[in-house]
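Each chain, written out:
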Amino acid sequence: MTEVAAPTSALPEPGGPDPAAPVRRRRALGDNTIVVTLLAFVAAMVVGAILIAFSDPATRSASAYFFSAPMDTLRAAASAIGRGYAALFEGAVFNPTTAARGTVAGIFGPISETLVSATPLILGGLSVGLAFRAGLFNIGGQGQIVAGATCAGYVGFAWHLPVVIHLVVAIVAGMVGGGLWGALAGWLKARTGAHEVITTIMLNYVAVNMLGFLLSVKGFQRPPYGQAISNVVDANARLPHLLGSSLRVNAGLFLALLAAYAIHWLLTRSVLGFEFRAVGANQNAARTAGMSVERSYTRVMLIAGVLSGLAGVTQILGTNSAITGDIDAGIGFDAITVALLGRANAGGTVLAGLLFGALRAGGVQMQSSTGTPIDVVSVVQALIVLFIAAPALVRFLFRLHGSGAGAGQGLAKGWNG
Amino acid sequence: MKLELRGITKRFGSFTANDAIDLVVEPGEIHALLGENGAGKSTLMNVLYGLYHPDGGEILIDDKVVSFAGPADAMAAGIGMVHQHFMLVPVFTVAENVELGHEQTKGFGILDAAKARREVTEVSARYGLSVPPDALIQDLPVGVQQRVEIVKALIRNAKVLILDEPTAVLTPQETDELMEVMRTLKASGTSIVFITHKLREVRAVADRITVIRRGKVVGEASPNSSSAELASLMVGRPVQLTIEKAAHEPGDVIAEVDNVRIVDDAGQVVVDDVSFDVHAGEIYALAGVQGNGQTELTEAIIGLRPLDGGRITLSGRDITDSDVHDILRADLGYVPEDRLHDGLIGSFTVAENLVLDRYDSAEFSKGPSLDVGRIAANARQRVEEFDVRTQSVDAPGSTLSGGNQQKLVLARELSRPLKLLIVAQPTRGVDVGSTEFIHRRIVAERDGGAAVVLVSTELDEVLGLADRIGVMYRGKIIGEVPAGTSAETIGLLMAGTVPDDLPARLRDPGATATGSRTTVRTEEPL
Amino acid sequence: MSTAATTRPGDEVVIHRVVEKPMSTRRRVGIGVAISVLGLLSLLLGHNAQAHDARFDLSQGSEFFHVPDLVLPVAATAYVIGIILLAVGAYQAVRGFRPRGLRIAGTGIGALFMLAFLSWAASGGKGSTIDLLGVLENTLALAAPLILGALAGVLCERSGVINVAIEGQMLAGAWAGAMFGTLMGRFGGVLTALVAGALMGWLLAVFAIRYLVNQVVLGVVLNALSLGLTGFIYDAIMQPNANTMNTPQVFQPLQIPVLSKLPLVGPLIFDQNIIVYLMYALVILIQWGLFHSRWGLRTRAVGEHPKAADTVGINVLRVRYVNVILGGAIAGLGGAFMTLGSVGSFTKGITSGNGFIALAALIFGRWSPKGAVAASLLFGFAYELQTLLSLVAPPVAIPSYFLAMLPYLATIFAVAGLVGKVRAPGADGEPYVKE
């Protein structure tokens, strides 16, 4: 049936019956990615609320006599949920209690924490998203972050260079470390066809073990050699704070925004990006048009690695000051969800990174003030991504019509291709 | 068993693929369903086989209305189907493929392999359809795979057998064998629905012919109708079967293919010591049944495939080891046979697709940046010049119809001066209007002085366009003949036979019309 | 050179000439050099040996008769093995094994080198006796969850659904096993672990098959979901009430009468807990069933060419649902082995990447159950080696981190085609949609 133009939602349907107006409106809503994303967020927060209520001891004890006094349970649950999400907001955006003190830290503390958490997530998300666009699946964020942080951290504590130069050299070292770790997976795919999902997962573990080894070596390890923690990075190599030393937000944020702009340009305006996108969308056509598919695999994974390496850089030169075994702090995997939520484009990734950064920062506050385990944030994040990946499910839940495909569909398919 | 379709209608979105189609297949007849590519024949048969659900109409078997929820119901009702793309699992044996969904078990779901093998042997012997039960499908030639498909249907007691474009992948010899099988089946009482767009075959084997055009039945015809009558019924207007072109004036040799040999990943020699050359201002056709090495040969010329021997030169320059990028830069244009797979990127805009092989040239880029303005301007110009019907140059390539997609690819390749143009199956799945346009542009390119290599499995296209024809068979150019050679002669060559009536001058090296090395060889089975 | 397929007697249909492409010279020599390097390493180990003898303990004491300790002269053993490996390496470099021969040779080479290595390791100072039987028992214990996880992968991927979520399925099983094992008894724990794994499998199935979400994305997200959920429940209720929520009774080994008294294999294979016995049964059942039952034929057909299966009336989606859910249950059992079979309690992220190693074992074992078992055992041995080397203190200390990397490096080499090409099922990862 080659004469049939592929059906697209963009084209009007002249012959079809005119759908009733409300259906049409619901269809328009159902196809709108922003609406779907918002609804996914709402649905995930609802599940999160149930978990918060579940973890609240008062609610649990009230539920023991649910059938004799159901309102007790509901009241307790509502109160727990209200307190939980209020704490989340206070930790992520604005906390009236601390703000009342009038200090910079009191007013901007939550925002600062959100931005600090968002920085590596944005960089990691850009890394995963760029690879997506070239048809590759970069699950190696963890390894690349570890490699980047290790290199940047080593230069940061082992070398002693003048101000500015030390920082620049350390950043470049991190980019090189992450880039090479990423490029290795790309090169393996280009040379041997090894599937990048497998190689990047395996390289994660190799990197983590490599770091574990380094942290047991004197010279890398901090005296008195009892703990798996490295020497402290020189002050010269630290990313400067943006709002004074009382707040953690640092110049890493600029690195992330700069990287986002660069990736935006790369994907929409550059020759190299055209090649990446072509290879990602149809590698056979790209090859037939004279592009070197293999070369782009290596290049795109190199750049993706550099981005993840930068995430490692902001971790070690910004947020922390010494390398530990969990320097990646789960960012490598969260970055995948950020990239999906951001629909693999630079602007979306920045917004998704900010959202997840806010959830992380708020989750910490929620755990300390209400005792709700921070894992609820992981659950909410996973659910958001699950919902936006299956817009049909969201439309079903909210009774909308539409036909758009979800994030993460039509990407790299099976192991064989 | 009598099969009847009444008012079958099937829509895909706003497109009506089948519009109130009526069809009656009497017991024991071979009923041909004739129509162009895209006329709706396969859709109709997929409805009949339970793969699609009709939006209107009904199916009757022996005058009783039936409804099929899926292929299982259709099979149970006695309908069998041999799909155009075989539905065989390549890594399974013949017996496993045949018994799939219809397994012989010893109880508790345990397979009885011996019984399955016996059954295959028995049925294949009964109908003279010899198949090796223990061979893996991927090791079998397509002709044998097709027989496996037929055995698959027969073992399920099919009373009506649907053959969807069964000869597309067969050599003329295999086609003859298939027709013999069809007659045997008919004699045993099986009805056959034979879907095709090839007039010759219809006239040779059908008892009755129903012609479909644009999803509608436009008439019945008797097998005694002439090809011209059938063609005009199929297309809806008198068809000019010939293509107008001036006599060709060959210039210098542009491309030379010298003893090229290609071995594929499975170790098969797919191109076996092939040599030919193409002159400026000449269309050289590589004719042959699908799968005789043409695809691999053109992929090798363009640089997509490494050679295992031989040499390719373009205007005297050795391009054997050059990559695709350099070869395209050496003024070679390439229209691949599968446009959706290799020719364009569905999610890219029309404008982007039009610069797919030149996005990095100085014309469309400034240093590391794309020149978006020029890319758009180029697109508007090409879309206009090649009459590509699209909503805008920013619409994704996938929204275009097949014919317009093909024009898009052609527009891209012809938008720069070419020394050599390679077009593979340029009109496959393309409507008649676009086909004529595409043919005219190919001839115009020749008249402009380019050398053209045309790869086509359609004999009419080859005869209409070519100035010289090389026929490929089992990886070799088995014969090279001038334009005007009879269809019969070329058909025989396509089947691997060098006909006796082939004039001696064609068998004599160095004496062909264009004076090139002649490559007629006798084929000996290995 | 040979010719392919004949069809009708007397009517030979020859497709194309088939030429066997020899292994490229570079590859052949490269592999030869790699083997030779192992040989040289063995010689070096022999040179470096400290004690004279290495002693391997092969019995437990409860067998019908005592198997004497294996005592090997360290230097001589390593030298002899080194020379053999050098010879084999030279043969490969010059002449080259055929692919099948190379695989067999590879196994032998690995075993010999390991023998040289262990002898050397045992020749260090502290304990010059290696409890080889114990090492093998531990290997099996470490491999058991991997085997179950990999079997889960076999079921899913053979039917065409990529399972990157093995980790999450195992984690769910481990959690359910511990919590419900405490509340309902250990058999209740096993049952709920199966259900929890199956539920995770069901999620994978629904989103992959019905909502057509990219399966790798999905796997990663489901792992995150499982980690988050189990971690949340652990923090919220299991850890504060560890006594009533997280102290399941652990399954003790069951000795099979007579068989468990056989030397070597007795204590190794027939003195295990019930989950391991269940695992044996599953391995045999799946390996056999995949190739000799209707279920297996249909599963493989759906994974290779779903449309072909559909046209013969097989319900492609149902076959996939069933296999993916069953797979999830088996992975859940693998998780339960960790909490109910060995550790005895749940902790956050207890599976610690075992699901990913299982995925690696699945691919390393070329999507076949027996291959997956072999790969899992290999990876289990690599784990055990870390423990062993910290116990025996070899002449030169080897950081355990490098040993820990071995399974991952091995998998990278495997997918890079250095041990032969691996091919996934044809439609693995591709959702099936009717037009």
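Each value, and the rule that gives it
Numbering of residues begins from 1 in every chain and follows the order in which that chain's sequence is written. In the order they appear in the text, chains get letters beginning with A and ligands get numbers beginning with 1. Where local features are concerned, this predicted model is filtered to residues with pLDDT of at least 70; where side-chain atom pairs are given and counted, the filter is 80 or more; whole-chain, interface and lining totals use all residues. By the criteria applied, helices consist of DSSP H or I runs no shorter than four residues and strands consist of E runs no shorter than two, each listed in order from the N terminus. Here the globule rule reads 2.2 Å times residues to the power 0.38, and the radius of gyration is calculated from C-alpha atoms. Here exposure depends only on C-beta density: within 10 Å of a residue's C-beta, 20 or more other C-beta atoms make it buried, 12 or fewer make it exposed, and intermediate numbers make it partly exposed, the C-beta atoms being placed from the backbone. We call two residues in contact if the C-beta atoms placed from their backbones are at most 7 Å apart. Here the term charged refers only to Asp, Glu, Lys and Arg, the term nonpolar to Ala, Val, Leu, Ile, Met, Phe, Trp, Tyr, Cys and Pro, and the term polar to all other amino acids, Gly among them. Two strands qualify as a pair provided DSSP detects at least 2 bridges between them. Crossovers are marked right-handed if the path from the first strand over the helix to the second runs clockwise, as seen with the strands pointing away from the viewer. A set of buried residues qualifies as a nonpolar core if it consists of Ala, Val, Leu, Ile, Met, Phe, Trp, Tyr and Cys joined through C-beta atoms within 7 Å. An automatic or database domain assignment supplies the start and end points of every domain. What pLDDT reports is the predictor's confidence in each residue, on a scale of 0 through 100.

In terms of regular secondary structure, chain C is built from 16 helices and seven strands. By the compact-globule yardstick of 22 Å for 435 residues, chain C fits well, its C-alpha radius of gyration being 24 Å. Sorting the 435 residues of chain C into buried and exposed places 51% on the buried side. Partitioning the contacts of chain C with sequence separation of at least 6, the portion at a separation of at least 24 is 76%.

For chain B, the helix and strand inventory stands at 18 helices and 22 strands. Against the 2.2 N^0.38 benchmark of 24 Å for 526 residues, chain B shows a C-alpha radius of gyration of 25 Å, consistent with a compact globule. For the C-alpha atoms alone, the extent of chain B along its principal axes is close to 65 × 55 × 50 Å. When each of the 526 residues of chain B is scored for burial, the buried share is 52%.

Another aspect to go through is the interface of chain A and chain C. Each partner contributes to the interface: chain A provides 48 residues, whereas chain C provides 41 residues. Looking at the side of chain A that touches chain C, the elements with two or more residues in it are α2 (33-55), α8 (165-192), α9 (196-214), α14 (331-341), α16 (375-389) and α17 (391-397) of chain A. A breakdown of the residues in the side of chain A that touches chain C according to their chemical character gives 30 nonpolar, 16 polar and two charged.

The next thing to look at is the pairing of strand β19 (residues 420-424) of chain B. Residue and element names in this part refer to chain B. Among the five residues that make up β19, five are buried, leaving the element largely enclosed by the rest of the structure. Looking at chain direction, strand β16 (residues 332-335) and β19 are connected through four bridges and run parallel. What sits directly across from Y334, in β19, is I422. Traced from β19 through helix α15 (residues 432-447) to strand β20 (residues 451-456), the parallel crossover comes out right-handed.

Right, let's talk about the nonpolar core for a bit. Counting 426 residues, the largest nonpolar core has F387 of chain A, I162 and L420 of chain B together with I147, L151, L204 and A361 of chain C as the members making the most contacts within it. With residues up to four places along the chain from it excluded, the contact list for I162 of chain B reads M45, L48, Y49, I79, G80, M81, V82 and V193 of chain B.

We now examine unusual backbone geometry. The omega torsion across P223 of chain A and P224 of chain A is 10°, close enough to zero to call that bond cis. Along the polypeptide, P224 of chain A turns up in the loop between α9 and β1 (229-232). One non-glycine residue with positive phi stands out, namely F108 of chain B, at about 55°. By the secondary structure assignment, F108 of chain B is in the loop between α3 (94-99) and α4 (113-126). Residue class for F108 of chain B comes out exposed when judged on the 7 C-beta atoms lying within 10 Å of it. Within the chain, R474 of chain B stands out as a residue other than glycine whose phi angle is a positive 50°. With respect to the helices and strands, R474 of chain B occurs in the loop between β21 (468-473) and β22 (476-482).

This part covers the domain arrangement of chain B. Taken domain by domain, chain B consists of domain 1 (3-235), domain 2 (242-331 + 417-526) and domain 3 (348-416). The C-alpha-based centres of domain 1 of chain B and domain 3 of chain B are spaced at 40 Å.

Residues and elements named next belong to chain C. Model confidence for chain C is summarised by a mean pLDDT of 88, while 92% of its residues fall at 70 or above. Low confidence marks residues 1-18, where pLDDT is under 50. Its contacts with residues over four positions away, or in another chain, come to 43 contacts. We note a pTM of 0.87 for the whole complex and an ipTM of 0.88 for its interfaces.

Once that is clear, we can look at the domain arrangement of chain C. All names here are of chain C. When the domains of chain C are assigned, the result is domain 1 (25-130) and domain 2 (133-415). Taken over C-alpha atoms, the centre of domain 1 sits 31 Å from the centre of domain 2. The partner domain 2 presents 15 residues to the 20 residues of domain 1 that form the contact. In terms of residue count, helix α3 (residues 99-122) provides more of the side of domain 1 that touches domain 2 than any other element does, three residues in total. The residue makeup of the side of domain 1 that touches domain 2, split by class, is eight nonpolar, nine polar and three charged.

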